[in-house]
Amino acid sequence: MTGESTDEVRIIAIDGPAGAGKSTVGRAVAARLGVDYLDTGAMYRAVTFAVLRRAVDPNDKQAVEDVAMTMDLDIGDVDGATRVVVDGEDATVAIRGREVTGAVSAVAANSAVRAELVERQRSWVTAHSGGVVEGRDIGSVVFPDADLKLYVTASPRVRAERRVAEIGGDVDDVEASIIERDRKDSGRDDSPLVEASGSTLVDTTGLSIEEVVEHVLGML
Ligand code: DC
(Lines give C-alpha, C1' and ligand atoms only; values in the text may rest on other atoms or scores of the structure.)
Protein backbone atom coordinates (compact mmCIF):
# COMPACT_ATOMS: atom_id res chain seq x y z
CA MET A 1 0.00 0.00 0.00
CA THR A 2 1.28 3.46 -0.82
CA GLY A 3 0.83 6.94 0.56
CA GLU A 4 -0.65 8.36 3.73
CA SER A 5 -3.34 10.38 2.02
CA THR A 6 -6.71 10.20 3.77
CA ASP A 7 -8.76 10.85 0.62
CA GLU A 8 -7.33 7.75 -1.05
CA VAL A 9 -9.95 5.03 -1.55
CA ARG A 10 -8.67 2.03 0.33
CA ILE A 11 -10.24 -1.40 0.18
CA ILE A 12 -9.31 -4.19 2.55
CA ALA A 13 -10.78 -7.55 1.57
CA ILE A 14 -11.17 -10.22 4.25
CA ASP A 15 -12.23 -13.72 3.26
CA GLY A 16 -12.23 -17.04 5.04
CA PRO A 17 -14.46 -19.76 6.44
CA ALA A 18 -17.25 -19.30 8.98
CA GLY A 19 -16.20 -18.56 12.54
CA ALA A 20 -12.52 -17.81 11.84
CA GLY A 21 -12.77 -14.38 13.45
CA LYS A 22 -13.18 -12.35 10.24
CA SER A 23 -15.89 -10.07 11.62
CA THR A 24 -14.14 -9.28 14.88
CA VAL A 25 -10.84 -8.65 13.12
CA GLY A 26 -12.50 -6.71 10.29
CA ARG A 27 -14.42 -4.43 12.64
CA ALA A 28 -11.37 -3.76 14.80
CA VAL A 29 -9.17 -3.00 11.77
CA ALA A 30 -11.86 -0.69 10.32
CA ALA A 31 -12.19 1.15 13.66
CA ARG A 32 -8.43 1.61 13.93
CA LEU A 33 -8.25 2.96 10.37
CA GLY A 34 -11.37 5.11 10.75
CA VAL A 35 -13.11 3.51 7.77
CA ASP A 36 -16.45 1.72 7.41
CA TYR A 37 -17.00 -2.02 7.55
CA LEU A 38 -19.28 -4.24 5.43
CA ASP A 39 -20.32 -7.76 6.40
CA THR A 40 -21.38 -9.30 3.08
CA GLY A 41 -22.46 -12.54 4.78
CA ALA A 42 -25.19 -10.46 6.41
CA MET A 43 -26.34 -9.49 2.89
CA TYR A 44 -26.72 -13.15 1.84
CA ARG A 45 -28.51 -13.77 5.13
CA ALA A 46 -30.81 -10.78 4.46
CA VAL A 47 -31.84 -12.17 1.06
CA THR A 48 -32.51 -15.52 2.76
CA PHE A 49 -34.65 -13.75 5.36
CA ALA A 50 -36.69 -12.07 2.62
CA VAL A 51 -37.03 -15.40 0.78
CA LEU A 52 -38.43 -17.10 3.89
CA ARG A 53 -40.65 -14.08 4.70
CA ARG A 54 -42.19 -14.26 1.24
CA ALA A 55 -42.66 -18.04 1.63
CA VAL A 56 -40.40 -18.73 -1.36
CA ASP A 57 -38.58 -22.08 -1.69
CA PRO A 58 -34.82 -21.30 -1.25
CA ASN A 59 -34.08 -23.79 -4.05
CA ASP A 60 -36.47 -22.12 -6.53
CA LYS A 61 -33.78 -20.22 -8.47
CA GLN A 62 -36.05 -17.86 -10.39
CA ALA A 63 -38.23 -16.96 -7.42
CA VAL A 64 -35.16 -16.36 -5.22
CA GLU A 65 -33.63 -14.17 -7.93
CA ASP A 66 -36.86 -12.13 -8.04
CA VAL A 67 -36.64 -11.58 -4.28
CA ALA A 68 -33.00 -10.44 -4.51
CA MET A 69 -33.79 -8.01 -7.33
CA THR A 70 -36.84 -6.45 -5.67
CA MET A 71 -35.98 -6.43 -1.96
CA ASP A 72 -35.13 -3.25 -0.15
CA LEU A 73 -31.96 -3.82 1.90
CA ASP A 74 -30.54 -1.35 4.34
CA ILE A 75 -27.31 -2.47 6.03
CA GLY A 76 -25.13 -0.51 8.40
CA ASP A 77 -22.97 -0.84 11.47
CA VAL A 78 -24.49 0.52 14.68
CA ASP A 79 -22.39 0.32 17.87
CA GLY A 80 -20.08 -2.33 16.43
CA ALA A 81 -22.85 -4.64 15.18
CA THR A 82 -24.35 -4.96 11.73
CA ARG A 83 -27.98 -3.78 11.65
CA VAL A 84 -30.01 -5.11 8.76
CA VAL A 85 -33.42 -3.81 7.66
CA VAL A 86 -35.23 -5.83 4.99
CA ASP A 87 -38.28 -4.30 3.32
CA GLY A 88 -38.68 -2.00 6.31
CA GLU A 89 -38.46 -4.79 8.89
CA ASP A 90 -35.52 -5.02 11.32
CA ALA A 91 -33.99 -8.45 10.58
CA THR A 92 -30.79 -8.00 12.66
CA VAL A 93 -31.59 -10.84 15.06
CA ALA A 94 -33.50 -13.11 12.67
CA ILE A 95 -30.66 -13.31 10.11
CA ARG A 96 -28.50 -15.06 12.74
CA GLY A 97 -31.22 -17.58 13.62
CA ARG A 98 -31.40 -21.27 12.83
CA GLU A 99 -33.92 -20.92 9.97
CA VAL A 100 -31.86 -18.41 7.98
CA THR A 101 -28.58 -20.20 8.77
CA GLY A 102 -30.07 -23.47 7.48
CA ALA A 103 -31.17 -21.97 4.15
CA VAL A 104 -28.43 -19.45 3.40
CA SER A 105 -26.07 -21.81 1.54
CA ALA A 106 -28.72 -22.50 -1.11
CA VAL A 107 -29.36 -18.79 -1.58
CA ALA A 108 -25.61 -18.01 -1.72
CA ALA A 109 -25.17 -20.64 -4.46
CA ASN A 110 -27.66 -18.76 -6.71
CA SER A 111 -25.62 -16.94 -9.40
CA ALA A 112 -28.24 -14.24 -10.01
CA VAL A 113 -28.31 -13.44 -6.30
CA ARG A 114 -24.51 -13.24 -6.25
CA ALA A 115 -24.44 -10.90 -9.25
CA GLU A 116 -26.99 -8.59 -7.62
CA LEU A 117 -25.19 -8.53 -4.26
CA VAL A 118 -21.76 -8.01 -5.85
CA GLU A 119 -23.19 -4.93 -7.56
CA ARG A 120 -24.61 -3.66 -4.26
CA GLN A 121 -21.26 -4.32 -2.54
CA ARG A 122 -19.35 -2.31 -5.16
CA SER A 123 -21.87 0.54 -4.84
CA TRP A 124 -21.45 0.46 -1.06
CA VAL A 125 -17.67 0.84 -1.38
CA THR A 126 -18.06 3.73 -3.81
CA ALA A 127 -20.55 5.47 -1.50
CA HIS A 128 -18.31 4.95 1.56
CA SER A 129 -15.04 5.84 -0.22
CA GLY A 130 -13.55 2.42 0.54
CA GLY A 131 -13.64 0.31 3.67
CA VAL A 132 -13.10 -3.13 5.12
CA VAL A 133 -15.24 -5.68 3.28
CA GLU A 134 -15.63 -9.19 4.62
CA GLY A 135 -17.00 -12.35 3.01
CA ARG A 136 -15.97 -15.40 0.99
CA ASP A 137 -15.26 -14.01 -2.51
CA ILE A 138 -14.21 -10.43 -1.81
CA GLY A 139 -10.54 -10.75 -2.80
CA SER A 140 -11.23 -13.28 -5.57
CA VAL A 141 -14.30 -11.79 -7.31
CA VAL A 142 -15.69 -8.57 -5.84
CA PHE A 143 -12.46 -6.56 -5.36
CA PRO A 144 -9.56 -8.49 -6.91
CA ASP A 145 -7.52 -5.25 -6.89
CA ALA A 146 -8.08 -4.51 -3.19
CA ASP A 147 -5.18 -2.78 -1.44
CA LEU A 148 -4.89 -5.64 1.04
CA LYS A 149 -6.37 -9.12 0.72
CA LEU A 150 -6.49 -11.40 3.74
CA TYR A 151 -7.56 -15.00 4.05
CA VAL A 152 -8.41 -15.47 7.72
CA THR A 153 -8.77 -19.00 9.01
CA ALA A 154 -8.49 -21.21 12.10
CA SER A 155 -8.94 -24.90 12.76
CA PRO A 156 -12.60 -26.12 12.77
CA ARG A 157 -12.23 -27.15 16.42
CA VAL A 158 -11.06 -23.72 17.52
CA ARG A 159 -13.79 -22.04 15.44
CA ALA A 160 -16.41 -24.27 17.09
CA GLU A 161 -15.04 -23.56 20.59
CA ARG A 162 -15.20 -19.79 19.94
CA ARG A 163 -18.78 -20.00 18.69
CA VAL A 164 -19.86 -22.07 21.71
CA ALA A 165 -18.20 -19.55 24.05
CA GLU A 166 -20.28 -16.81 22.36
CA ILE A 167 -23.68 -18.41 21.89
CA GLY A 168 -23.52 -21.79 23.68
CA GLY A 169 -24.20 -25.25 22.27
CA ASP A 170 -22.29 -28.49 21.95
CA VAL A 171 -18.74 -28.18 20.57
CA ASP A 172 -18.92 -31.44 18.59
CA ASP A 173 -22.26 -30.45 16.99
CA VAL A 174 -21.07 -26.94 16.17
CA GLU A 175 -17.81 -28.29 14.73
CA ALA A 176 -19.76 -30.72 12.51
CA SER A 177 -22.00 -27.91 11.20
CA ILE A 178 -18.96 -25.67 10.57
CA ILE A 179 -17.27 -28.43 8.56
CA GLU A 180 -20.49 -28.97 6.58
CA ARG A 181 -20.83 -25.25 5.81
CA ASP A 182 -17.16 -25.06 4.74
CA ARG A 183 -17.79 -27.97 2.41
CA LYS A 184 -20.79 -26.21 0.81
CA ASP A 185 -19.06 -22.81 0.58
CA SER A 186 -15.87 -24.29 -0.93
CA GLY A 187 -17.61 -26.75 -3.23
CA ARG A 188 -20.17 -24.54 -4.97
CA ASP A 189 -19.69 -23.72 -8.66
CA ASP A 190 -20.09 -19.94 -8.49
CA SER A 191 -17.44 -18.02 -6.49
CA PRO A 192 -16.41 -20.82 -4.13
CA LEU A 193 -14.48 -19.97 -0.99
CA VAL A 194 -10.83 -19.95 -2.09
CA GLU A 195 -7.65 -18.19 -1.09
CA ALA A 196 -7.54 -15.38 -3.65
CA SER A 197 -4.31 -14.91 -5.55
CA GLY A 198 -2.25 -12.24 -3.86
CA SER A 199 -3.95 -12.77 -0.49
CA THR A 200 -2.10 -13.21 2.79
CA LEU A 201 -3.00 -16.17 4.97
CA VAL A 202 -3.77 -15.26 8.59
CA ASP A 203 -4.24 -18.32 10.82
CA THR A 204 -5.90 -17.14 14.04
CA THR A 205 -5.58 -20.52 15.83
CA GLY A 206 -3.85 -19.79 19.12
CA LEU A 207 -3.83 -16.01 18.62
CA SER A 208 -5.88 -13.40 20.47
CA ILE A 209 -7.92 -10.86 18.50
CA GLU A 210 -5.54 -8.10 19.61
CA GLU A 211 -2.56 -10.04 18.26
CA VAL A 212 -4.30 -10.60 14.93
CA VAL A 213 -5.34 -6.94 14.61
CA GLU A 214 -1.79 -5.72 15.31
CA HIS A 215 -0.44 -8.23 12.81
CA VAL A 216 -2.88 -7.00 10.12
CA LEU A 217 -2.23 -3.31 10.80
CA GLY A 218 1.47 -4.07 10.48
CA MET A 219 0.87 -5.15 6.88
CA LEU A 220 -0.45 -1.72 5.83
O1 DC B 1 -20.27 -15.17 7.06
P2 DC B 1 -21.68 -15.72 7.21
O3 DC B 1 -21.71 -17.03 7.95
O4 DC B 1 -22.63 -14.75 7.81
O5 DC B 1 -22.18 -16.02 5.72
C6 DC B 1 -23.45 -16.51 5.46
C7 DC B 1 -23.45 -17.35 4.19
O8 DC B 1 -23.24 -16.52 3.04
C9 DC B 1 -22.40 -18.46 4.13
O10 DC B 1 -23.04 -19.67 3.71
C11 DC B 1 -21.43 -18.02 3.08
C12 DC B 1 -22.21 -17.04 2.24
N13 DC B 1 -21.39 -15.93 1.76
C14 DC B 1 -20.98 -15.95 0.44
O15 DC B 1 -21.27 -16.92 -0.27
N16 DC B 1 -20.26 -14.91 -0.06
C17 DC B 1 -19.94 -13.87 0.72
N18 DC B 1 -19.23 -12.86 0.19
C19 DC B 1 -20.34 -13.84 2.08
C20 DC B 1 -21.05 -14.90 2.57
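Just so we're clear, the structure is a prediction, and the values are computed from it rather than from any experiment. (Residues numbered from 1 in each chain as written. Predicted model: local features only at pLDDT ≥ 70, side-chain atom pairs only at ≥ 80, totals over all residues. Heavy atoms only, no water.)

**Describing the sheet that holds strand S4 (residues 81–86)**
Sheets are built from strands paired through backbone hydrogen bonds, the pairs being either parallel or antiparallel. We count it as follows: For two strands to be treated as a pair, DSSP must find no fewer than two bridges joining them. In DSSP terms, a helix is any run of H or I states spanning at least four residues, a strand is any run of E spanning at least two, and both are numbered starting from the N terminus. We call two residues in contact whenever any of their non-hydrogen atoms come within 4.5 Å of each other. Geometry is summarised by axes, namely lines fitted to C-alpha atoms with helices restricted to the contacting stretch, and by angles between N-to-C directions that run from 0 to 180 degrees.
Spatial strand order, S3-S4-S5: three strands in an open sheet with antiparallel pairing. Strand pairing shows two members of the sheet lacking a second neighbour, strand S3 (73–78) and strand S5 (89–90), which therefore form its edges. Note that S4 and S5 share two bridges and pair antiparallel. From the neighbouring strand, valine 85 faces S5, where its bridge partner is aspartate 90. Most of the contacts of helix H2 (residues 40–53) go to S4, to which it runs at about 35°, and overall it touches S3, S4 and S5.

**Concerning the packing of helix H3 (residues 61–70) against helix H5 (residues 111–127)**
Two quantities define a packed helix pair, namely the angle between the axes and the distance from one axis to the other. Our working rule: Relative orientations are named as follows: roughly parallel for angles under 35 degrees, roughly antiparallel for angles over 145 degrees, roughly perpendicular for angles from 65 to 115 degrees, and oblique for any other angle. Helix crossings fall into two classes, left-handed where the near helix is turned counterclockwise from the far one by less than a right angle and right-handed where it is turned clockwise. Residues are grouped as follows: nonpolar covers Ala, Val, Leu, Ile, Met, Phe, Trp, Tyr, Cys and Pro; charged covers Asp, Glu, Lys and Arg; every other residue, Gly included, is treated as polar.
Interaxial distance between H3 and H5 falls to 8 Å at its minimum, and their mutual angle equals 15°. Here H3 lies roughly parallel to H5, going by the angle between them. Considering only the axes of H3 and H5, their crossing is left-handed. Contact with H3, carried on its side by Val64, Glu65, Ala68 and Met69, involves Ala112, Val113, Glu116 and Arg120 of H5 and no other residues of that element. Partitioning the contact of H3 with H5 into residue classes produces five nonpolar, no polar and three charged.

**A word on the side chain of threonine 153**
Applied cut-off: A 1.4 Å probe rolled over the protein chains alone gives each residue an accessible area, and that area as a share of the maximum for its type sets the label: buried under 20%, exposed over 50%, partly exposed in between.
Of note, threonine 153 is situated in strand S7 (residues 148–153). Residue class for threonine 153 comes out buried when judged on its relative accessible area of 16%. Setting aside its immediate chain neighbours within four residues, threonine 153 contacts Pro17, Ala20, Leu201, Val202, Asp203, Thr204 and Thr205.

**Focus on the confidence of the model for the protein chain**
Where we set the bar: The predictor attaches a confidence to each residue, and that confidence, scored 0 to 100, is pLDDT.
On average, residues of the protein chain score 92 in pLDDT, and 96% of them are at 70 or above. Below pLDDT 50 for its whole length, residues 1–6 participates in five contacts with residues either more than four positions away or in separate chains.

**Observations regarding the side chain of threonine 82**
Position of threonine 82 relative to the elements: it lies in strand S4. Overall, threonine 82 belongs to the buried group, its relative accessible area being 7%. Residues in contact with threonine 82, not counting those within four places in the same chain, are Arg27, Tyr37, Asp39, Ala42, Ile75, Gly76, Asp77, Thr92 and Arg96.

**Concerning the site of the ligand**
Basically, it comes down to this: Whether a residue is near a molecule or strand depends on its heavy atoms: if one lies within 4 Å, it is near. Each polar contact in these results corresponds to two N or O atoms within 3.5 Å; when the atoms are within protein, one needs to be able to donate a hydrogen and the other to accept it, and residues that are neighboring in sequence are counted only if both atoms are side-chain atoms. All accessibility values rest on the Shrake-Rupley procedure with a 1.4 Å probe; residue burial counts only the protein chains present in the view.
Around the ligand, a shell composed of 16 residues is seen, among which Arg45, Arg114, Asp137, Arg181 and Arg188 lie nearest. Contacts to the ligand include arginine 114, whose side-chain N or O atom sits 2.8 Å from an oxygen atom. A distance of 3.2 Å separates an oxygen atom of the ligand from a polar side-chain atom of aspartate 185. Protein chains bury 96% of the 450 Å² of accessible surface belonging to the ligand in isolation. Listing elements by their share of the shell around the ligand, those giving two or more residues are H2, helix H4 (98–108) and helix H8 (171–187). No other element matches the four residues that H2 contributes to the shell around the ligand. Its residues assigned to classes, the shell around the ligand comprises four nonpolar, four polar and eight charged.

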